[in-house]
Every structure is written in structure tokens, then in C-alpha cells.
Amino acid sequence: MISYPNVKINLGLNVLRKRSDGYHDLDTLFVPYMGIHDTLEIILADDFSRTSAGLFARYDSSKIVQGISADGKLMITIAKADGVDWDPLKDLCAKAYCLLDADFNLPAVKIFLEKTSPVGAGLGGGSSDAAFCLKMLSELCSLGLDEASLASYAARLGSDCAFFVYNRPMFGTGRGEVLEDYPLPALDDYRIEVVVPEGISVSTADAYRGIVPCEPEISLKEALRSDISLWKDVVRNGFETTVFEKYPGIAAVKKSLYELGAVYASMSGSGSALYAIFRK
């Protein structure tokens, strides 16, 4: 079974307050972006993989990592053009398998992940991989989990993982895991482009350490109801102030997007990626 986990952008992101559990309450509109995606294959351990040969043909061995769980039930292979600098058994896909295995005693599987979405860009690529992994395992192993159940598992893996279970425009509150369907503002006459500044990766943890939570004068839902030509002044990403201070190159990219004619431009999540909305 093969899928293509896509990334997301945040239309606005207000960090409202710090919670007693150490997390932050926020408001954001998650929007799926299909222009960037990974490739994820999961097979039962005795099945034939359609992607593994391709991965080993396209990637030097130094760009591929593999891990096998202590009980031998999970083998995970990850390939990435500039190398994989994390333990594959700590990847969110491996954690997704272990989470479901604890409740359903899953059969042995092999996971193959080709990472082409950027890491540390605020696009949620790893969260998407995890959510897609949960959905695929439910189908492959005939677990019959509905969206709400899958989202509950996903929320245990990361704050924005649950969004990718639904993978449609959703307004997020709480840590980002409390979701409600939200009609995307009319963008039929517009196109969205995502830009990832080269050589800049922003740690989400560092971004949160620098954030100053505050309640906006205009709520995000109210701001999004305004004409898109006004979003530049009312739809904000609360991380931009501190992230731009530390990484002025990101701020320069945003400025250049407006100079190119963007109607609205913003950083996605805690960065470093930005997106711009242009008229078609």
C-alpha cells in the first residue's frame, strides 16, 4: 500500500496563552498543500515492496537508514537526499505503528519512507507521515478505525498530526489538535506558492521559547472573513516577530514575495517555509 503524505500551511497562527501543562493554546486554520509530499509504503512483512528497489537505486547507501524493532515486528527504511540524521525507530511513522500495535497486536510490517518534504520548515511533513501511517495501518490490518478514532491516536503523536487524518481545511484550537471543519475562504481566483529558504531550519521548540503569547484585537476567524486584500494587516503568524529577528533571511523572503505581487504572504507554522497567495 502506497500513499503520498502532503504538507500543510497555516492561514494565520495566534499563540494565545501558555498552559499549565507546558503547551500553548493557539488558533490557526490548517490548509492542506498538495504541491509537496513524501512517499510512504507499508507492506505486510512477507509481501513484495514496489518501492524498496527504487529507493536503493536512487539513493546512495549513506542517504538511507534502516531500523528493526527489538521484537522484530517492524522494519523501517527512510531515504532522504541530504541524509537522515535521526533514529528511524524514533520516526513518527515507527511511533504510529507502535501506538496501534499496543492496542491491536498488529502483524509484522515493513515501512518505506522517502522524505522529500523539508524538515524544520513548519509544513508538518513528519506529522503528515504519521497520520497517513495510521490510516494505512488501519486499512491494511482491517482495524476499521473511523476518522475520530484515528485523530485521537494522531493527537498523541503530535499537535498537528490529527489535522492530517482529515486532510481538509480545519480550524485548530487547543494545541492544534481540537479541530472543526472550516470553509476555506474563496480562493478560486488565486494560487498558492510555497517557498522554503535554502539552508534555514527552524526548531519548533526554539520558536516557542521565543514566543510572547497574546490575544489579538481581532480574532482569527473574524480576520479570515475579511477581504483577502486586507489579510496583510489582520491575519498574522505570531511566530514571525521572534523568528524573523533570529533569521532575517526569512523576513527578506517574505518581503520579496510581496514585491513579486503577492496579495498575502506569511510564514507557515514556526517556519522556515513561507507561502504566498497570488492572483491567477
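Before any of the text, the structure's been laid out above.
Residues numbered from 1 in each chain as written. Predicted model: local features only at pLDDT ≥ 70, side-chain atom pairs only at ≥ 80, totals over all residues. Heavy atoms only, no water.

**Some points on the overall build of the protein**
And then number 1: Helix and strand counts for the protein stand at ten helices and twelve strands.
And then number 2: Taking 280 residues into account, the globule formula puts the C-alpha radius of gyration at 19 Å, and the protein, at 19 Å, falls close to it.
And then number 3: Across its three principal directions, the C-alpha atoms of the protein cover 55 × 35 × 35 Å.
And then number 4: Excluding contacts between residues fewer than 6 apart, the proportion of contacts in the protein whose partners are at least 24 apart in sequence is 67%. (Helix = DSSP H or I, 4+ residues; strand = E, 2+ residues; numbered from the N terminus. Rg over C-alpha atoms; globule rule 2.2 N^0.38 Å. Contact = heavy atoms within 4.5 Å.)

**A few points about the pairing of strand β4 (residues 39-44)**
And then number 1: Within β4, five of the six residues are buried, which leaves it mostly tucked inside the rest of the structure.
And then number 2: As judged from the two bridges shared by strand β1 (residues 2-3) and β4, these two strands associate in the antiparallel manner. Bridging from a neighbouring strand, Ile-2 pairs with Glu-41 of β4. (Buried < 20%, exposed > 50% of the residue type's maximum accessible area, 1.4 Å probe, protein only. Pairing = 2+ DSSP bridges.)

**Examining the packing of aromatic side chains**
And then number 1: Going through the model one piece at a time under the given rule, you end up with seven aromatic pairs.
And then number 2: Each ring, one from Phe-171 and one from Tyr-182, has its centre 5.5 Å from the other, and the planes form 40 degrees; the classification is tilted. Of this pair, Phe-171 sits in strand β8 (residues 170-173) while Tyr-182 sits in the loop between β9 (178-181) and β10 (190-195), and the two are eleven residues apart along the sequence.
And then number 3: With relative accessibility at 13%, the residue Tyr-182 sits in the buried group.
And then number 4: For the ring pair Tyr-208 and Phe-239, a centre distance of 4.9 Å and an interplane angle of 90 degrees mean the geometry is edge-to-face. Of this pair, Tyr-208 sits in helix α6 (residues 204-210) while Phe-239 is found in the loop between α8 (231-234) and α9 (240-246), placing the two residues 31 residues apart along the sequence.
And then number 5: Feature note: the residues Phe-30, Phe-163 and Phe-164 constitute an aromatic cluster, connected by ring pairs.
And then number 6: The ring centre of Tyr-258 lies 4.3 Å from the NZ or CZ of Lys-232, which sits over that ring. (Phe/Tyr/Trp six-rings, centres within 6.5 Å; stacked < 30°, edge-to-face > 60°. Lys NZ or Arg CZ within 6 Å of the ring centre and 35° of its normal.)

**Quick word on the sheet that holds β4**
And then number 1: Read from one edge of the open sheet, five strands run β1-β4-β7-β6-β5, paired in mixed fashion. The open sheet terminates on both sides in strands that have one partner only, identified here as β1 and β5 (64-68).
And then number 2: Alignment of β4 against strand β7 (residues 109-115), held across six bridges, turns out to be antiparallel. Residue pairing in the sheet places Leu-40 in a bridge with Leu-113 of β7.
And then number 3: Strands β1, β4 and β7 of the sheet are contacted by helix α3 (residues 125-140), whose axis makes an angle of about 30 degrees with β4. (Axes fitted to C-alpha atoms, helices over the stretch in contact; angles between N-to-C directions.)

**Considering the pairing of β9**
And then number 1: Sheet topology places β8 next to β9; four bridges connect them, and they run antiparallel. Across the sheet, Thr-173 pairs through a bridge with Val-178, a residue of β9.
And then number 2: With antiparallel pairing between neighbouring strands as the criterion, β8 and β9 make up a hairpin whose turn holds four residues, including Gly-174 at a positive phi of roughly 65 degrees.

**Focus: the sheet that holds strand β11 (residues 264-267)**
Whether parallel or antiparallel, the strands of a sheet pair through hydrogen bonds between backbone atoms.
And then number 1: Here three strands make up an open sheet; going across it, the order is β10-β12-β11 and the pairing antiparallel. Unpaired on one side and paired on the other, β10 and β11 mark the two borders of the sheet. When the angles between neighbouring strand axes are averaged without regard to direction, this sheet yields 15 degrees.
And then number 2: As defined by bridge partners, β10 adjoins strand β12 (residues 274-279) across six bridges and the pair is classed as antiparallel. Note on β12: the bridge partner recorded for Val-194 is Tyr-275.
And then number 3: Here helix α10 (residues 248-259) sits on the sheet in contact with β10, β11 and β12, set at roughly 5 degrees to β12.

**What to know about helix α4 (residues 147-155)**
And then number 1: Leu-150, Ala-151, Tyr-153, Ala-154 and Ala-155 are the residues of α4 that are buried.
And then number 2: Here the buried face of α4 lies against α2 (92-104), α3 and α5 (161-166).

**Section: the side chain of Thr-39**
And then number 1: Relative to the helices and strands, Thr-39 is located in strand β4.
And then number 2: Overall, Thr-39 belongs to the buried group, its relative accessible area being 18%.
And then number 3: Each residue touching Thr-39, except ones within four places of it in the same chain, is listed here: Ile-2, Ser-3, Tyr-4, Pro-5, Phe-112, Leu-113 and Glu-114.

**A look at the environment of Asp-146**
And then number 1: Among the secondary structure elements, Asp-146 is positioned in the loop between α3 and α4.
And then number 2: Through-space distance from the C-alpha of Asp-146 to that of Val-31 is 21 Å; in sequence the pair is 115 residues apart.

**A short note on the pattern of salt bridges**
And then number 1: On inspection of all chains with the given rule, the structure shows 15 salt bridges.
And then number 2: Taking the shortest distance from any N to any O, the salt bridge between Asp-21 and Arg-19 comes out at 2.7 Å.
And then number 3: Where salt bridges share partners, they join Arg-17, Arg-19, Asp-21, Asp-25 and Glu-215 into one cluster. (Salt bridge = Lys/Arg side-chain N within 4 Å of Asp/Glu carboxyl O.)

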